[in-house]
Amino acid sequence: AMALGMLPPEATNALFGASVILGLGAGLPQLWRNWRSQSTGELSPTVALMGLSGSTTRLFTTLSEVDNVAIRGQSVLSWSMAAALVVQFALYRHAQDKSKRQ
């Protein structure tokens, strides 16, 4: 819609802002829950790594081709949350191993 001129740039920026809020609302509670329990529970490390891979590709492409600070910020934030989840898998790996042995 923006490319066709049907949506003003202000509306597009507002929608990007809303997607940042939704992304935080979806990701931060999971990261918090993992931190509090010192475990990633039943989450799949394979899916987390695939998500980080996709976010890394999107981040590189966005930083290379887009000048909009809001869009760049959203990509950095999305990548950071995906990276934090992967780091949690590494940090809490021993907790996962213990729970499987019991």
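Preceding this paragraph is the structure being described.
From a predicted model like this one, the values you see are computed outputs, not experimental measurements.

1. A short note on the nonpolar core
General note: in soluble globular proteins, nonpolar side chains tend to be found buried as a group.
Move 1: Leu31, Ala48, Leu52, Met81, Ala82, Ala83, Leu85, Val86 and Phe89 together form the largest nonpolar core, which totals 9 residues.
Move 2: Of all the elements in the fold, those that place two or more residues in this core are helix H2 (45–65) and helix H3 (69–91).
Move 3: With 6 residues, H3 is the largest single contributor of residues to this core.

2. Focus on unusual backbone geometry
Move 1: Despite not being glycine, glutamine 38 has its phi angle at roughly 55°, a positive value.
Move 2: Structurally, glutamine 38 can be placed in the loop between helix H1 (9–37) and H2.
Move 3: Judged by relative accessible area, which is 39%, glutamine 38 ranks as partly exposed.

3. A word on H3
Move 1: When the terminal C-alpha atoms of H3 are compared, their 32 Å separation across 23 residues agrees well with the 33 Å that a helix rising 1.5 Å per residue should span.
Move 2: Two to three positions downstream of the cap, the backbone nitrogen of alanine 70 sits 2.8 Å from a side-chain oxygen, assigning the N-cap of H3 to asparagine 68.

4. Let's talk about the packing of aromatic side chains
Each aromatic ring pair is characterised by the separation of its centres together with the angle its planes make.
Move 1: Inspection of the entire model under this criterion finds 1 aromatic pair.
Move 2: Summarising the aromatic geometry, the rings of tryptophan 32 and tryptophan 35 are spaced 5.1 Å apart at their centres and angled 40° between planes, so their arrangement reads as tilted. Of this pair, tryptophan 32 and tryptophan 35 both sit in helix H1, 3 residues apart, roughly one helical turn.

5. Regarding H1
Working note: α-helix, 3.6 residues per turn, so residues spaced by three or four point in the same direction.
Move 1: For H1, spanning 29 residues, the distance from its first C-alpha to its last is 42 Å, which sits close to the expected 42 Å at 1.5 Å a residue.
Move 2: For H1, the full list of buried residues reads Thr12, Gly27, Leu31 and Asn34.
Move 3: Residues of H1 that are buried make contact with H3.
Move 4: At the C-terminal side of H1, glutamine 38 shows a positive phi close to 55°.

6. Notes on the side chain of glutamine 88
Move 1: Its place among the elements puts glutamine 88 in helix H3.
Move 2: Among the polar contacts listed, one links the side chain of glutamine 88 to the side chain of asparagine 34, at a separation of 2.8 Å.
Move 3: Setting aside residues up to four positions removed in sequence, glutamine 88 forms contacts with Leu31, Asn34, Trp35 and Thr40.

7. Notes on the packing of H1 against H3
Move 1: Where H1 contacts H3, the two axes come as close as 10 Å, and the packing angle between them is 15°. By the angle between their directions, the pair H1 and H3 is classed as roughly parallel. Judged by the twist between their axes, the crossing of H1 over H3 is left-handed. Across from Phe16, Ser19, Val20, Gly23, Leu24, Gly27, Leu28, Leu31, Asn34 and Trp35 in H1, the residues of H3 making contact are Ile71, Gln74, Leu77, Met81, Ala84, Leu85 and Gln88.
Move 2: Split into classes, the residues belonging to the contact of H1 with H3 amount to 11 nonpolar, 6 polar and no charged.

Reading the values: the criteria
Here the residue index of a chain counts from 1 through its sequence in written order. Confidence filtering applies because this is a predicted model: local features only for residues at pLDDT of at least 70, side-chain atom pairs given and counted only at 80 or more, and all residues used for totals across whole chains, interfaces and linings. Based on all heavy atoms of the structure, the side-chain values leave hydrogens and waters out of the count. The definition of a nonpolar core used throughout is a set of buried Ala, Val, Leu, Ile, Met, Phe, Trp, Tyr and Cys residues joined through side-chain atoms within 4.5 Å. Exposure categories follow from relative accessible area, calculated using a 1.4 Å probe and restricted to protein chains: below 20% of the type maximum is buried, above 50% is exposed, and the middle band is partly exposed. Segments assigned H or I by DSSP are reported as helices when at least four residues long, segments assigned E as strands when at least two residues long, and all are numbered from the N terminus. The span you would expect from a helix comes to 1.5 Å times its residue count less one. For the purposes of these results, a polar contact is taken to be a pair of N or O atoms within 3.5 Å, where, inside protein, one atom must be able to donate a hydrogen and its partner to accept one; residues adjacent in sequence count only when each atom of the pair is a side-chain atom. Only the six-membered ring of Trp is used, alongside the rings of Phe and Tyr, when aromatic pairs are assigned; centres must lie within 6.5 Å, and planes under 30 degrees apart are stacked while those over 60 apart are edge-to-face, with the rest tilted. We call two residues contacting when some pair of their heavy atoms lies within 4.5 Å. The axes used here are C-alpha line fits, helices contributing only the stretch in contact, and every angle between their N-to-C directions lies in the interval 0 to 180 degrees. Roughly parallel covers angles under 35 degrees, roughly antiparallel covers those over 145, roughly perpendicular covers 65 to 115, and oblique covers all other angles. Each crossing gets its hand from how the near helix is turned against the far one by less than a right angle, where anticlockwise is left-handed and clockwise is right-handed. Note on residue classes: Ala, Val, Leu, Ile, Met, Phe, Trp, Tyr, Cys and Pro are nonpolar, Asp, Glu, Lys and Arg are charged, and everything else, Gly too, is polar.

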